[in-house]
Amino acid sequence: GQNIDQPTEMTATEGAIVQINCTYQTSGFNGLFWYQQHAGEAPTFLSYNVLDGLEEKGRFSSFLSRSKGYSYLLLKELQMKDSASYLCAVRDWDNAGNMLTFGGGTRLMVKP
Amino acid sequence: DAMVIQNPRYQVTQFGKPVTLSCSQTLNHNVMYWYQQKSSQAPKLLFHYYDKDFNNEADTPDNFQSRRPNTSFCFLDIRSPGLGDAAMYLCATSSGAGAGYNEQFFGPGTRLTVL
């Protein structure tokens, strides 16, 4: 199985940059996903990493180091609407199908 | 627009009274998932279908059952809901297993209240 850790809560200021870390332990890594989830809503896909390095998509970037079992999600130019939970999810070769195991999520609060 | 639809968005049931949640998709994805998410917790996979093949997670209670009559529809049946089953139930779909980028698309969820 997998063990996925991420901070429970973070606070940042509008316009700033924030980095949300995720560490994982898995026997057969096959991709890491970041999802954004606003309160009471479904998760929405943000990014996918399977190779080491940085993937950039507008104000959002995600980094992966497979040797360290580590990823981060970087949010730039924070906006109030970025207040949400950010879920790190790992896919494992040992899982049949495209199943994901989710971390507990990091609740980000953006303040003016 | 292609999407994942869940009905109803809010469901109230009584303790022990069977309830069915529904999910439909227009993405023509062959994999469908049901997750349970309790407040401030991660989504927990209950089971998934790969086409018609049903895959149950080892720790999913027997109280939870699922049906997938065709590619587009999948149902979650809770035979005797308990107070602990109150949660958000998320349906998701993806295009298939294996390597590569197979994003899961989530529906809006059904929030179940058990009285």
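Preceding this section is the structure that the text describes.
Every value quoted in this text rests on a predicted model; they were computed, and no experiment measured them. (Residues numbered from 1 in each chain as written. Chains lettered and ligands numbered in written order. Predicted model: local features only at pLDDT ≥ 70, side-chain atom pairs only at ≥ 80, totals over all residues. Heavy atoms only, no water.)

Before going further, it helps to examine the overall build of chain A. Helix and strand content of chain A: 0 helices and 11 strands. In terms of principal-axis extent, the alpha carbons of chain A reach across some 45 × 30 × 20 Å. With 112 residues in all, chain A has 51% of them scored as buried. The long-range fraction of contacts in chain A, counting pairs at least 24 apart against all pairs at least 6 apart in sequence, stands at 56%. If you sum the accessible surface of chain A, you get close to 5200 Å²; carbon and sulfur atoms cover 49% of it. Distance from the positive charge centre (9 side chains) to the negative charge centre (11 side chains) of chain A: 3 Å. (Helix = DSSP H or I, 4+ residues; strand = E, 2+ residues; numbered from the N terminus. Buried < 20%, exposed > 50% of the residue type's maximum accessible area, 1.4 Å probe, protein only. Contact = heavy atoms within 4.5 Å. Areas by Shrake-Rupley, 256 points an atom, 1.4 Å probe, with all protein chains shown as cover. Lys, Arg positive; Asp, Glu negative; His and termini not counted. Charge placed at Lys NZ, Arg CZ, Asp CG, Glu CD.)

Next up on the list: the sheet that holds strand S1 (residues 3-5) of chain A. Residue and element names in this part refer to chain A. The strand order across the open sheet formed by 5 strands is S1-S3-S8-S7-S6, and the pairing between neighbours is antiparallel. This sheet does not close on itself; its edge strands, each paired only once, are S1 and strand S6 (53-57). With direction set aside, neighbouring strand axes in the sheet form an average angle of 15 degrees. The pairing of S6 with strand S7 (residues 60-65) spans 5 bridges and is classified as antiparallel. Its bridge partner lying in S7, Leu54 is registered against Phe63. (Pairing = 2+ DSSP bridges. Axes fitted to C-alpha atoms, helices over the stretch in contact; angles between N-to-C directions.)

Our focus in this paragraph is the pairing of strand S5 (residues 44-49) of chain A. Residue and element names in this part refer to chain A. Burial runs high along S5: 5 of the 6 residues are buried. In the sheet, strand S4 (residues 29-37) pairs with S5 via 5 bridges, with the strands oriented antiparallel. In the strand pairing of S5, Leu32 is matched with Asn49. The antiparallel pairing of S4 with S5 creates a hairpin that spans 6 residues between the two strands, and Gly40 there sits at a positive phi of about 75 degrees.

Take unusual backbone geometry next. All names here are of chain B. Cis geometry marks the peptide bond from Asn7 to Pro8; its omega dihedral reads -10 degrees. Here Pro8 lies in the loop between strand S1 (4-7) and strand S2 (10-13). For Asn28, which is not glycine, the phi torsion reads 60 degrees and is therefore positive. Checked against the element boundaries, Asn28 lands in the loop between strand S3 (19-25) and strand S4 (31-37).

Estimates place the volume of the largest pocket at around 510 Å³. Broken down by secondary-structure element, the contributors of at least two residues to the lining of the largest pocket are strand S9 (84-92) and strand S11 (106-111) of chain A together with strand S9 (87-94) of chain B. Grouping the amino acids of the lining of the largest pocket by side-chain chemistry returns 8 nonpolar, 12 polar and 5 charged. (1 Å grid on protein atoms, 1.4 Å probe; cavity = no way out; pocket = protein on both sides within 12 Å on 5 of 7 lines; lining within 4 Å. Points joined across faces, edges and corners; volume = space filled by probe spheres on them. Nonpolar A, V, L, I, M, F, W, Y, C, P; charged D, E, K, R; others polar.)

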